[in-house]
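# Descriptive analysis of the structure
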Amino acid sequence: MVKAVLFDLDGTIANTLKDLADASNFALDFYGFPTHETEKYRYFVGRGIPNLIKNIVPSEKGDEQTLKRVMAKFFEYYNVHYADNTCVYSGVPELFETLQKMGIKFAVVTNKAHSAAIEVVKRLYGDIISVVIGQSDAYPIKPAPEMPTAAAKQLGVQTTDCLFVGDSGVDCQTGVNCGAVSVGVSWGFREKDELWSSGAKYIVDTPEEIIDIIKRLNND
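Structure report, in brief. Since this is a predicted model, take the numbers as computed values, not measurements.

Now for the packing of aromatic side chains. Under the criterion given, the structure shown has 10 aromatic pairs. Ring centres 4.9 Å apart and planes at 35° place the aromatic pair F26 and Y77 in the tilted group. Here Y77 lies in helix α3 (residues 64-81) and F26 lies in helix α1 (residues 17-30), a separation of 51 residues in the sequence. The partly exposed category is assigned to F26, whose relative accessible area is 31%. Note on F30 and Y31: the rings are 5.0 Å apart at their centroids and 80° apart in plane angle, and the pair reads as edge-to-face. For Y31, a relative accessible area of 33% translates into the label partly exposed. Aromatic rings pair up to connect F7, F96, F106 and Y125 into one cluster. Here the guanidinium or amino end of K73 rests over the ring plane of F30, the centre of that ring lying 3.8 Å away.

Take a look at the structure:
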């Protein structure tokens, strides 16, 4: 029985692509590295900022000290401009309201830095999401099961009673790894083929379809 839904953040409940791309390109340009088109960042993000920086810095320049400097410059920009273009996806606020009415709990589990995740969620959704777990030293990043397991514990449920909803293969793998039902969303940063091949049980094209899945599973 579905008692809770664990949501990814970037590409799932928040369109953050432009701000992530702008911060990355600011850092790259500052150090004289080539920048990338915004759309290419769909494939760079998803495994936390340290991995994002590794992906965008030329490999021959990617020594540890350089990566640290570029990441610091990224956060210098992003911490100020994280919400310049970031917005909710259509239908997601209504989804949260419906989940509340149904008595279904929900949380955010993201590889975004924990402090940044809290800021973005608060700005976009106010206090409706009480549990947010982002990347920190406390847990390994997704697709490891520790973050969703911690979120489920805070909600007072087991991960086996959760949906894990996300837009990437990492998210679908996370759901599988923690024992939740993996649900991929088609409106995010990655393609459906990646979601299916990474363990998605369902793929939805609209937030409303998540409610249909819950009703179907809870009536079985």
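At 3.6 residues per turn, the α-helix brings residues three or four places apart onto the same side. Between its terminal C-alpha atoms α3 stretches 26 Å, which fits the 26 Å expected from 18 residues at 1.5 Å a residue. For α3, the full list of buried residues reads T66, L67, V70, K73, F74, Y77 and Y78. Seen end-on, α3 carries its buried residues on one side only, within an arc spanning 130°. Seen from the buried face of α3, the exposed residues on the opposite side, beyond 90 degrees, are E64 and V80.

Moving on: the sheet that holds strand β5 (residues 132-135). Strand order in this open sheet of six strands is β5-β4-β1-β6-β7-β8, and the pairing throughout is parallel. The sheet is open, and its two edges are formed by β5 and β8 (202-204), each paired on a single side. Each strand axis lies, on average, 25° off the axis of its neighbour in the sheet, ignoring direction. Across four bridges, strand β1 (residues 4-7) lies against strand β6 (residues 162-166) in parallel orientation. By the bridge assignment, L6 is partnered in β6 with F164. Relative to the sheet, helix α9 (residues 208-219) contacts β1, β6, β7 (181-185) and β8, its axis offset from that of β8 by approximately 145°.

For the rest of this paragraph, the subject is the nonpolar core. Considering soluble globular proteins, one finds that nonpolar side chains tend to be buried as a cluster. Core analysis: the biggest nonpolar cluster contains 56 residues, and F7 and L99 have the highest contact counts within it. If you tally residues by element for this core, the top one is α1, at six residues. Residues contacting F7, with those up to four places away along its chain left out, are T12, I13, L95, F96, L99, F106, A107, V108, V109, V165 and I210. A4, V131, M147 and V157 belong to the second-largest nonpolar core, a separate cluster that totals 16 residues.

Criteria and thresholds
- Residues numbered from 1 in each chain as written.
- Predicted model: local features only at pLDDT ≥ 70, side-chain atom pairs only at ≥ 80, totals over all residues.
- Heavy atoms only, no water.
- Phe/Tyr/Trp six-rings, centres within 6.5 Å; stacked < 30°, edge-to-face > 60°.
- Helix = DSSP H or I, 4+ residues; strand = E, 2+ residues; numbered from the N terminus.
- Buried < 20%, exposed > 50% of the residue type's maximum accessible area, 1.4 Å probe, protein only.
- Lys NZ or Arg CZ within 6 Å of the ring centre and 35° of its normal.
- Expected span 1.5 Å × (residues − 1).
- Arc of directions from axis to C-beta.
- Pairing = 2+ DSSP bridges.
- Axes fitted to C-alpha atoms, helices over the stretch in contact; angles between N-to-C directions.
- Contact = heavy atoms within 4.5 Å.
- Core = buried A, V, L, I, M, F, W, Y, C linked by side-chain atoms within 4.5 Å.

Everything listed here is a matter of geometry and, on its own, says nothing about what the molecule does.
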